[in-house]
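Observations on the three-dimensional arrangement
Take a look at the letters that make up each chain.
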Amino acid sequence: MTEEIVKNIKTTLLSDNYYILNKVNFDYLMKSGEWVNQMREVYDRGDGAGILLYNKEKKMVILTKQFRMPTFLNDNEDGFLVEIAAGMLDKDNPEACVIRETEEETGYRLKEVKKVYEAYSSPGVMTEKMHFFVGEYTDDMKANEGGGLDSEHEDIEVLEIPFEKAVDMLNSGEIFDTRTIVLLQYAIINKLVEE
């Protein structure tokens, strides 16, 4: 059993307007053996799942483009991001979530996906763990136009682009969403789209 390194945890709710923002005070045991009191604001928005859709035969990938207000507020001129299809788990398991989000956002109905990673999104401030998937698609899997849910006011553009172009966009800085970067790099390393 590991030694206790955190004690006297006190959580104060700061906001629950959309997700949960808490102030957490705790005592932390430093490597020196000294206990210090620390405070962090922790944002709990649940866990998420995202997927890179690829077509080996056509050498294409499906990405999405949508407006992201936080990026607009932090140096993204138009606020739009090119990114993988992704969403919150909403009490689903990660695989069910990513299959649901794929159809909602891109219109493709997948039957199987492959989980390749899970990782914390921004561990200094968020509790969110992302589950990363890849999935092969074919044209006959297209069930609808995608674009997101009207009930969630989603306005998502579906992009089917050559894998080579997606890599160029990654290298030129046109793609600057971490989740998308991770999965494109996975595709490159594992030669998902190459023969």
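What you are looking at is a predicted structure, and each value in this text was computed from that prediction instead of being measured.

Digging into the sheet that holds strand β1 (residues 6-15)
Ordered in space as β1-β2-β3, the three strands form an open sheet in which the pairing is antiparallel. Looking at the sheet topology across the chains shown, the edges are occupied by β1 and β3 (35-44). Taken pair by pair, the neighbouring strands of this sheet meet at an average axis angle of 20 degrees, ignoring direction. Bridging between β1 and strand β2 (residues 20-29) involves seven bridges; their strand directions are antiparallel. Its bridge partner being in β2, Lys 7 is matched across the sheet by Asp 27.

A closer look at the layout of surface pockets
The calculated volume of the largest pocket comes to roughly 1,500 Å³. Along the wall of the largest pocket there are 39 residues; nearest its centre are Arg 45, Arg 68, Pro 70, Met 88 and Arg 179. The set of elements that each furnish at least two residues to the lining of the largest pocket consists of β4 (48-55), β5 (60-67), α1 (69-72), β7 (85-88), α2 (94-106), β8 (114-120), β9 (129-136) and α4 (178-189). A per-class count over the lining of the largest pocket returns 19 nonpolar, nine polar and eleven charged.

Focus: helix α3 (residues 163-172)
Within the span of α3, buried status applies to Phe 163, Ala 166, Val 167, Met 169 and Leu 170. Seen from one end, α3 has its buried residues packed into an arc of 160 degrees, which puts them on one side. Looking at α3, the residues exposed on the side facing more than 90 degrees away from the buried face are Glu 164 and Asn 171. Buried positions along α3 lie against β5, β6 (80-83), β10 (157-162) and α4. Gly 173 lies just past α3 and shows a positive phi near 90 degrees.

A few points about the packing of α3 against α4
Between α3 and α4, whose axes approach to 11 Å, the crossing angle comes to 125 degrees. Considering their axes alone, α3 and α4 lie oblique with respect to each other. α4 is crossed by α3, and the crossing has left-handed handedness. Residue-level contacts link Phe 163, Ala 166, Val 167 and Leu 170 of α3 to Ile 181, Leu 184, Gln 185, Ala 187 and Ile 188 of α4. Tallied by class, the residues present in the contact of α3 with α4 amount to eight nonpolar, one polar and no charged.

Some details on unusual backbone geometry
The residue Asp 90 is not glycine, and still its phi comes out positive at about 50 degrees. Tracing the backbone through its elements, the reader meets Asp 90 in the loop between β7 and α2. Since its relative accessible area comes to 54%, Asp 90 is described here as exposed. We note that Lys 191 has phi near 50 degrees; this positive angle belongs to a residue other than glycine. Inspection of the secondary structure assignment puts Lys 191 in the segment after α4.

Notes on α2
Because each turn of an α-helix spans 3.6 residues, side chains separated by three or four positions in sequence point in the same direction. Helix length check: α2, at 13 residues, gives a terminal C-alpha distance of 17 Å against a target of 18 Å (1.5 Å per residue), a fit within 8%. If you check which residues of α2 are buried, you get Pro 94, Cys 97, Val 98, Glu 101, Thr 102, Glu 104, Glu 105 and Thr 106. Turning to α2, the residues buried within the fold contact β4, β5, β7, β9 and β10.

Describing the side chain of Asp 27
Tracing the backbone through its elements, the reader meets Asp 27 in strand β2. Of the buried charged residues, Asp 27 lacks a salt bridge, with Lys 7 as the closest side chain of opposite charge at 5.6 Å. A polar side-chain atom of Asp 27 sits 2.6 Å from a polar atom in the side chain of Asn 8. Ignoring anything within four residues of it in the chain, the contact list for Asp 27 reads Ile 5, Val 6, Lys 7, Asn 8, Trp 35, Val 36 and Asn 37.

Conventions and cut-offs
Residues numbered from 1 in each chain as written. Predicted model: local features only at pLDDT ≥ 70, side-chain atom pairs only at ≥ 80, totals over all residues. Heavy atoms only, no water. Pairing = 2+ DSSP bridges. Helix = DSSP H or I, 4+ residues; strand = E, 2+ residues; numbered from the N terminus. Axes fitted to C-alpha atoms, helices over the stretch in contact; angles between N-to-C directions. 1 Å grid on protein atoms, 1.4 Å probe; cavity = no way out; pocket = protein on both sides within 12 Å on 5 of 7 lines; lining within 4 Å. Points joined across faces, edges and corners; volume = space filled by probe spheres on them. Nonpolar A, V, L, I, M, F, W, Y, C, P; charged D, E, K, R; others polar. Buried < 20%, exposed > 50% of the residue type's maximum accessible area, 1.4 Å probe, protein only. Arc of directions from axis to C-beta. Contact = heavy atoms within 4.5 Å. Parallel < 35°, antiparallel > 145°, perpendicular 65-115°, else oblique. Left-handed = near helix turned anticlockwise from the far one by under 90°. Expected span 1.5 Å × (residues − 1). Lys, Arg positive; Asp, Glu negative; His and termini not counted. Salt bridge = Lys/Arg side-chain N within 4 Å of Asp/Glu carboxyl O. Polar contact = N/O pair within 3.5 Å; in protein donor to acceptor, adjacent residues only side chain to side chain.

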